[in-house]
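Residues per chain are reported as follows:
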Amino acid sequence: MKIFSIIIQFEYLYIIPIIERKDTMKTVSIRKEDITRKWYLVDASEMILGRLASEVASILRGKHKPQFTPYLDLGDHVVVVNAGKIRLTGNKLKEKVYYHHSGYPKGLKSRTAGDLMKVKPEEVVSMAIKGMLPKNKLGKAMAKKLKIYGGPEHPHQAQTPEVLEIEMRKRA
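Residues numbered from 1 in each chain as written. Predicted model: local features only at pLDDT ≥ 70, side-chain atom pairs only at ≥ 80, totals over all residues. Heavy atoms only, no water.

**What to know about the overall build of the protein chain**
Scanning the protein chain for helices and strands turns up five helices and eight strands. The N-to-C order of helical and strand elements in the protein chain reads β-β-β-α-β-α-β-β-α-α-α-β-β. Of all 172 residues assigned to the protein chain, the portion counted as buried reaches 33%. Sequence-distant contacts, at least 24 apart, represent 65% of the contacts inside the protein chain between residues at least 6 apart. Accessible surface, the protein chain as shown: approximately 12800 Å² in total, 55% of it carbon and sulfur. (Helix = DSSP H or I, 4+ residues; strand = E, 2+ residues; numbered from the N terminus. Buried < 20%, exposed > 50% of the residue type's maximum accessible area, 1.4 Å probe, protein only. Contact = heavy atoms within 4.5 Å. Areas by Shrake-Rupley, 256 points an atom, 1.4 Å probe, with all protein chains shown as cover.)

**What about the pairing of strand S5 (residues 97-101)?**
Here five bridges tie S5 to strand S6 (residues 108-112), and the two strands are oriented antiparallel to one another. Across the sheet, residue Tyr 99 finds its bridge partner in S6, namely Ser 110. Hairpin connection, S5 to S6: the antiparallel pair is bridged by six residues, and Gly 103 has positive phi, about 100°. (Pairing = 2+ DSSP bridges.)

**Here's the deal with the nonpolar core**
Counting residues in each nonpolar core, the largest one holds 32 residues, and the members touching the most others are Leu 49, Leu 52, Val 56, Val 78, Ile 86, Ile 129 and Leu 146. When residues of this core are traced back to their parent elements, those giving at least two are strand S3 (39-43), helix H1 (49-61), strand S4 (77-81), helix H3 (113-119), helix H4 (121-130), helix H5 (137-143) and strand S7 (146-148). Here this core gets seven residues from one element, more than from any other, and that element is H1. Setting aside residues no more than four positions away along its own chain, Ile 86 makes contact with Ala 44, Met 47, Leu 49, Leu 52, Met 117 and Val 125. (Core = buried A, V, L, I, M, F, W, Y, C linked by side-chain atoms within 4.5 Å.)

**Considerations on H4**
Within H4 the residues assigned to the buried category are Pro 121, Val 124, Val 125, Ser 126, Ala 128 and Ile 129. Elements in contact with the buried residues of H4: H1, S5, H3 and S7.

**Section: the pairing of S3**
Two faces, one strand: in a regular strand the side chains alternate between the faces of the sheet. Counting buried residues in S3 gives four out of five residues, a clear majority hidden from the surface. The β-α-β motif built from S3, the intervening H1 and the parallel element S4 has right-handed crossover chirality. Examined bridge by bridge, S3 and strand S8 (residues 162-163) share two bridges and lie parallel to one another. Among the inter-strand pairings, Tyr 40 is bridged to a residue of S8, identified as Glu 162. (Right-handed = clockwise from strand over helix to strand, strands pointing away.)

**Thoughts on H1**
Between its first and last C-alpha, H1 extends 18 Å over 13 residues, near the 18 Å set by a 1.5 Å rise per residue. Among the residues of H1, Leu 49, Leu 52, Ala 53, Val 56, Ala 57, Ile 59, Leu 60 and Arg 61 are the ones counted as buried. Just downstream of H1, Gly 62 is the residue with a positive phi angle, here 95°. (Expected span 1.5 Å × (residues − 1).)

**Digging into the pattern of salt bridges**
Here the structure, examined in full by the defined rule, presents six salt bridges. Close ionic contact of Glu 33 with Arg 31 constitutes a salt bridge, the shortest N to O distance being 3.7 Å. Note on Glu 33: relative accessible area 63%, which makes it exposed. (Salt bridge = Lys/Arg side-chain N within 4 Å of Asp/Glu carboxyl O.)

**Some words on the environment of Ala 57**
Mapped onto the fold, Ala 57 is located in helix H1. Under the relative-accessibility criterion, Ala 57 is labelled buried at 4%. Ala 57 sits 76 residues away from Leu 133 along the chain, and the two C-alpha atoms are 6.3 Å apart. Among all residues touching Ala 57, those that are not within four sequence positions of it are Ile 129, Met 132 and Leu 133.

Printed below as a string of structure tokens:
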């Protein structure tokens, strides 16, 4: 039922519809019981590290879901295989340096990306992805859902992970 308001102003007649809304939009907050998590499998062979990391971090945060909420952990589990076959562009294998400190005086240790890729390629991928997650308790909870393996085998077949194809777009 539409109701009209008639306004007469300066010898002109205006007819304006008055809309009655009974069904208003409401903000819906998702509950922990409503969160569903999927398992995804990503093959990292011949992918560029940063582009892969940004896509995986987005899935871990849950940004691909319509109910995304920044303060909740809605993300899915991600299994990354073939981390040893990842690519770095430019001279990053020689010039990119990873630092860590032992906690003792003069305990600063450094390794190039190339050296770390030979020893622990999973660590390079893990640091890239974790660097794109929030730096708090929520980010640590999201990082626990990330599983990285250097080769093609993984022990998560029982979860029946869905293969995720990530498109590597060329820059224009």
